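Results of the structural survey
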Amino acid sequence: MDNLFKAHRAVLINTKGIDYFVGDIHGNLAGLLLHLNKIGFCFEEDRLFACGDIINRGADSIGCIELLMQPWFYSVLGNHEEMFLRSFDEPVFYQALVKNGGEWVKPMLNQPEKLMALAQLIRIKMPLTLSVQSEQGKIGVVHADAPLKWSNISLDNVCIHHCLWSRRDMSESKTGVNIEGVKFTVHGHNSVHSPVIIDNQIWIDTLQFSGGFTILSSRQLHDMIFLN
């Protein structure tokens, strides 16, 4: 497992522009770019951090993977990317991938070099977690859920499953248990109608339920969590 992807990547503070965060993109490249243009995203100075699951379901999974080559785009790994990576060696994961919106892979089975290149891009560019330095403090990005101590991020199977597959009860309110080691964490995976805040964690995957993306700046996220 530990050769499939990296556990963590730290990203330095953006001294030029604004850092934005988005939930699961799921192949909807056109919709993403439309939303970025709508909010005035500056591709030369701003950065976008995605919460994983950039592939499957939508019309352009390949285009979304190729976003990883852009200097303004970052993403953590999602469970759909894990299915894709593991599908090369484990048929059960290939079946699960296709069943869950991965039909785009089928026409590419006669292009193994292209598939391997896409997989390598995911391995290199999509770690399990990201730490983003900001004026608001260190922001953790992870797909599903986070360990109680951010420093406990690892490629242990239990941690991987928690970060990629864990389903949180979105009806929970404040529990009094914050994730230690970060100011707050940003998540996708759990579909919500609008952002859901539990302690210092926020879930922003609104695409499936609302039909649109939630894209918020680090300042907006901070104020939603701590000033409401």
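Above this note sits the structure.
How each quantity is defined
Residues numbered from 1 in each chain as written. Predicted model: local features only at pLDDT ≥ 70, side-chain atom pairs only at ≥ 80, totals over all residues. Heavy atoms only, no water. Helix = DSSP H or I, 4+ residues; strand = E, 2+ residues; numbered from the N terminus. Contact = heavy atoms within 4.5 Å. Pairing = 2+ DSSP bridges. Axes fitted to C-alpha atoms, helices over the stretch in contact; angles between N-to-C directions. Parallel < 35°, antiparallel > 145°, perpendicular 65-115°, else oblique. Nonpolar A, V, L, I, M, F, W, Y, C, P; charged D, E, K, R; others polar. Buried < 20%, exposed > 50% of the residue type's maximum accessible area, 1.4 Å probe, protein only. Right-handed = clockwise from strand over helix to strand, strands pointing away. Salt bridge = Lys/Arg side-chain N within 4 Å of Asp/Glu carboxyl O.

**Comments concerning the environment of Ile18**
Relative to the helices and strands, Ile18 resides in the loop between β1 (8-11) and β2 (19-22). When the C-alpha positions of Ile18 and Leu216 are compared, they lie 10.0 Å apart, and in sequence the two are 198 residues distant. If we ignore the near neighbours within four places in the chain, the residues touching Ile18 are Glu45, Asp46, Arg47 and Ser217.

**Structural notes on the sheet that holds β2**
In spatial order, the strands read β4-β3-β2-β10; together these four strands make up an open sheet with mixed pairing. At either end of the open sheet lies a strand with only one pairing partner, and these are β4 (73-75) and β10 (215-217). Geometrically, the sheet is characterised by an average inter-axis angle of 25° between neighbouring strands, direction not taken into account. Bridge count between β2 and strand β3 (residues 47-50): four bridges; the pairing is parallel. Looking across to β3, one finds that Tyr20 is bridged to Leu48. On top of the sheet, helix α8 (residues 218-226) reaches β2 and β10; it is set at about 90° to β10, its chief contact.

**Examining the packing of helix α3 (residues 79-86) against helix α6 (residues 157-165)**
A pair of packed helices is captured by two measures, namely the crossing angle of their axes and the spacing between those axes. Where α3 contacts α6, the two axes come as close as 8 Å, and the packing angle between them is 125°. The pairing of α3 with α6 is recorded here as oblique in orientation. Judged by residue contacts, Asn79, Glu82 and Met83 of α3 engage Ile160, Leu164 and Trp165 from α6. Of the residues that constitute the contact of α3 with α6, the class distribution is four nonpolar, one polar and one charged.

**Overview of the pairing of strand β7 (residues 184-187)**
Side chains Phe184 and Val186 project from β7 onto one buried face, and the interleaved Thr185 and His187 project onto a second face that is buried too. Looking at chain direction, strand β6 (residues 137-142) and β7 are connected through three bridges and run parallel. Within β7, the position partnered with Val141 by the bridge is Val186. In this fold, β6 hands off to α6, which returns the chain to β7; that crossover is right-handed.

**Notes on the pattern of salt bridges**
On inspection of all chains with the given rule, the structure shows seven salt bridges. The partner of Glu82 in a salt bridge is Arg86, with the nearest N and O atoms 3.7 Å apart. In this pair, Glu82 and Arg86 both sit in helix α3, four residues apart, roughly one turn of the helix. For Glu82, a relative accessible area of 3% translates into the label buried. The residue Glu90 makes a salt bridge to Arg86 at a minimum N-O spacing of 2.9 Å. The exposure class of Glu90 is partly exposed, given its relative accessible area of 28%. Through salt bridges with shared partners, one network takes in Glu82, Arg86 and Glu90.

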